[in-house]
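Next come the chains, spelled out residue by residue.
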Amino acid sequence: MSDISNFFSRMLESYPLFFEGLLLTLELTVVAILLGIVGGLVVAFFKLSNSRVLRAIAGVYITLIRGTPLIVQIFFFYFGLSELGISAYWCATIGLALHNSAYIAEIFRGSIQSIDHGQTEAGRSLGMSSLQVMRRIVLPQAFLRALPPLGNQFITCLKDSSLAAFISSSELFNIATAQGARTFEEMTYLLIVAVYYLVLVLIFQGIVHLLERKFSAGEERVKTYDRKKNHGKGQLAQ
Amino acid sequence: MIERKIMVKVSSLNKSFGDLHVLKDVDLQVAEKEVVVLIGSSGSGKSTLLRCLNFLEMKESGSIEIDGVQIEPKSTNLNVFRQNVGMVFQHFNLFPHKTVLENVIEAPVVVKKVPKDQAIAEARVLLEKVGLADKEAVYPNKLSGGQKQRVAIARALAMKPKVMLFDEPTSALDPELVGEVLVTMKDLAAEGMTMIVVTHEMGFAKEAADLVVYMHDGQIVEAGKPMDLFTAPKQERTRSFLQAIL
Ligand SMILES: Nc1ncnc2c1ncn2[C@@H]1O[C@H](COP(=O)(O)OP(=O)(O)OP(=O)(O)O)[C@@H](O)[C@H]1O
Ligand SMILES: [Mg+2]
């Protein structure tokens, strides 16, 4: 039996196992990025605030997280939190979320600062409060600009989530090493898991490219309000 | 001439940016329904004066009264106050993520809590007035500069301000688009809006202004009726400035 056909038969027979790992990997990534977006937004606001103390707190946080390896952070939370009865899955998720929040904070800070100050002035000149301007004028535009880098951060996080294997969270990479150890075919299963990651990354890269194209082309939509019965709902036309 | 009530009253206004003294004891009175055109060379403080009037810049000393009410950042709710003072910017500053109609209804709905149906109805009247009724559903990036500026005017008018400030509203426009914006502004003046306009369009000043104010180096050098000021300026500085631009 050739190596190639062995690879494919192993891949076929192991796919139910890997499929479960894949779901867990995606779940870890999605939850970590969503929590990271919430945390990142808070840290970005700290970083942009007028208070020197808040800015300093955000600065230290970002430096600590970006200046230390993710695997150290994950083990840190594992040993710190598993004592409290928190599962390996949540230790990994929290570690990944905090790690990503520091990077996402910088993405948001950049995208908020990139919005022309004239937007804020126009809003204020109409009587909007600074909070209203932030929520209704600046953030919607900043979010759009942040989407492509957020997509890239998602892809990075997808690959980084493999480090959760080291605290025995049974995502993709953990399954690959376990299968390898069980069958003594480590290389085969490493190749298989590499294919899984590669396919996932390519899919999400495609999505990021689509996003970038859509937002660099500008708004092509036309949005009409029904003239007859105005229930105030915008309807997308065209 | 009938005595009109004073809508804007600026007394001994001073403003500095660091060491740069930009406004020096500026006094200015604008009566209700009056149109004042501010002229002056670059850096003379025209924009700063306008921006102090709606407190986008905070004055350092002096007093600002709008419609008889003295405005102080400490004691005035500036967000409420600014609803009385509309502003039109050189670079339009439309909200790009909102359609033309949404740009116009944004502040009435969010700030004044006007019911959305009513805000939409009022916005349509305004868009009709600035000649853009057919553009309500498009996004700003699909508009010409002149159209953008007319939407910006409608957006400011939607708050029903008592005073409108214009900071070089046609300076960023291609020459062939200047006219349509000036027509909109003249219509507004004819309807009795109180307006303070920074512009280099002397034709507009001659036609629509009640008062032309020449600023130099943070001070008001001379003010007068357009015909008087343009044909017989009293100050040497005014004369040389007018010679340079006319
Ligand atoms: N936010 C600011 N910080 C520091 N200096 C400023 C600021 N805004 C304006 N200035 C300075 O104040 C002076 C007056 O500026 P202002 O914008 O009021 O002039 P202007 O008459 O509107 O000129 P222009 O015709 O170029 O628009 C200039 O020297 C300008 O550089
Ligand atoms: Mg200016």
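Conventions adopted
- Residues numbered from 1 in each chain as written.
- Chains lettered and ligands numbered in written order.
- Predicted model: local features only at pLDDT ≥ 70, side-chain atom pairs only at ≥ 80, totals over all residues.
- Heavy atoms only, no water.
- Helix = DSSP H or I, 4+ residues; strand = E, 2+ residues; numbered from the N terminus.
- Buried < 20%, exposed > 50% of the residue type's maximum accessible area, 1.4 Å probe, protein only.
- Contact = heavy atoms within 4.5 Å.
- Areas by Shrake-Rupley, 256 points an atom, 1.4 Å probe, with all protein chains shown as cover.
- Near = heavy atom within 4 Å.
- Polar contact = N/O pair within 3.5 Å; in protein donor to acceptor, adjacent residues only side chain to side chain.
- Nonpolar A, V, L, I, M, F, W, Y, C, P; charged D, E, K, R; others polar.
- Pairing = 2+ DSSP bridges.
- Axes fitted to C-alpha atoms, helices over the stretch in contact; angles between N-to-C directions.
- UniProt positions renumbered as here; feature names shortened; annotations may be inferred.
- Patch = residues over 30% accessible without salt bridge, like charges linked within 9 Å, V, L, I, M, F, W, Y side chains within 5 Å.
- Salt bridge = Lys/Arg side-chain N within 4 Å of Asp/Glu carboxyl O.
- Buried area = accessible area lost by both parts, 1.4 Å probe.

### Some thoughts on the overall build of chain A
Looking only at helices and strands, chain A has 8 helices and 2 strands in total. Start at the N end of chain A and walk to the C end: the helices and strands fall as α-α-α-α-α-α-α-α-β-β. In chain A, which comprises 238 residues, the proportion classed as buried is 43%. When contacts within chain A are restricted to residue pairs at least 6 apart in sequence, long-range pairs at least 24 apart make up 73% of them. On chain A, roughly 13,000 Å² of surface is accessible, and the fraction owed to carbon and sulfur atoms is 66%.

### Some words on the site of ligand 1
All names here are of chain B. Every residue lining ligand 1 is accounted for by Phe 17, Leu 20, Val 22, Ser 41, Ser 42, Gly 43, Ser 44, Gly 45, Lys 46, Ser 47, Thr 48 and Glu 168. A distance of 2.8 Å separates an oxygen atom of ligand 1 from a polar atom in the backbone of Gly 43. Contact with the protein chains hides 60% of the accessible area of ligand 1, taken as 630 Å² for the molecule alone. Within the residue set of the shell around ligand 1, elements represented by two or more residues are β2 (20–31) and α1 (46–53). With 3 residues, the top contributor of residues to the shell around ligand 1 is α1. Of the residues in the shell around ligand 1, the class split is 3 nonpolar, 7 polar and 2 charged.

### Let's talk about the pairing of strand β6 (residues 85–88) of chain B
Residue and element names in this part refer to chain B. Neither face of β6 is left uncovered, since the one carrying Val 85 and Met 87 and the one carrying Gly 86 and Val 88 both have all their residues buried. Alignment of β6 against strand β7 (residues 163–167), held across 4 bridges, turns out to be parallel. Residue pairing in the sheet places Met 87 in a bridge with Leu 165 of β7.

### As for the sheet that holds strand β10 (residues 219–224) of chain B
Strands belonging to one sheet form pairs held by backbone hydrogen bonds; the direction of such a pair is parallel or antiparallel. Residue and element names in this part refer to chain B. Strand order in the open sheet formed by 6 strands is β6-β7-β8-β3-β9-β10, and the pairing between neighbours is mixed. Because the sheet does not close on itself, it has two edges, and the strands there are β6 and β10. Each strand axis lies, on average, 20° off the axis of its neighbour in the sheet, ignoring direction. As paired elements, strand β3 (residues 35–40) and strand β8 (residues 194–198) share 4 bridges and run parallel to each other. Bridge pairing in β8 links Val 37 to Val 197. Most of the contacts of helix α6 (residues 175–190) go to β8, to which it runs at about 150°, and overall it touches β3, β7 and β8.

### As for the UniProt feature "transmembrane region" (unreviewed entry) in chain A
Residue and element names in this part refer to chain A. Residues given the UniProt feature "transmembrane region" (unreviewed entry) here are residues 22–46, 58–81, 87–105 and 189–211. As a span, residues 58–81 carries 88% helix and 0% strand, and end to end its C-alpha atoms are 23 Å apart. In this annotation, residues 87–105 is assigned 95% helix and 0% strand; the end-to-end C-alpha distance for the span is 27 Å.

### Looking at the environment of Val 197 of chain B
Residues and elements named next belong to chain B. Secondary-structure assignment places Val 197 in strand β8. For Val 197, a relative accessible area of 0% translates into the label buried. Setting aside chain neighbours within four positions, we find Val 197 in contact with Val 36, Val 37, Leu 38, Phe 166, Met 185 and Phe 204.

### Examining the UniProt feature "domain: ABC transmembrane type-1" (unreviewed entry) in chain A
Within this structure's numbering, the places UniProt gives as "domain: ABC transmembrane type-1" (unreviewed entry) are residues 22–208 of chain A. Helix and strand shares over residues 22–208 of chain A are 83% and 0% respectively, and the end C-alpha atoms of the span are 20 Å apart.

### A look at the sheet that holds strand β5 (residues 69–70) of chain B
Residues and elements named next belong to chain B. As summarised here, the arrangement of the 4 strands in space is β2-β1-β4-β5, forming an open sheet in which the pairing is antiparallel. Bordering the open sheet on either side are β2 and β5, each of which pairs with just one other strand. As paired strands, strand β1 (residues 6–17) and strand β4 (residues 61–66) are joined by 5 bridges and run antiparallel to one another. Each residue of the ladder has a partner; that of Val 10, found in β4, is Ile 64.

### Some words on a nonpolar patch on the surface
Residue and element names in this part refer to chain A. Residues Val 195, Val 199, Ile 203 and Ile 207 make up a contiguous nonpolar surface patch of about 310 Å² in total accessible area. Within the fold, Ile 203 resides in helix α8 (residues 186–216). With a relative accessible area of 48%, Ile 203 lands in the partly exposed category.

### Considering the side chain of Ser 162 of chain A
Among the secondary structure elements, Ser 162 of chain A is positioned in the loop between α6 (130–160) and α7 (172–183). Polar side-chain contacts of Ser 162 of chain A include one of 2.7 Å to the backbone oxygen of Lys 159 of chain A.

### Re the interface of chain B and chain A
Every contact between the two is made by 37 residues of chain B and, on the other side, 28 residues of chain A. For the pair chain B and chain A, the summed buried area comes to about 2,900 Å², and 53% of that belongs to carbon and sulfur atoms. Taken together, chain B and chain A are joined by 2 salt bridges. Between Glu 106 of chain B and Arg 136 of chain A there is a salt bridge, and its shortest N-O distance comes to 2.5 Å. Linking chain B to chain A there are 8 residue pairs in polar contact (both at pLDDT 80 or more). When residues of the side of chain B that touches chain A are traced back to their parent elements, those giving at least two are β6, α3 (100–110), α4 (116–129) and α5 (145–157) of chain B. Considered class by class, the residues forming the side of chain B that touches chain A number 18 nonpolar, 7 polar and 12 charged.

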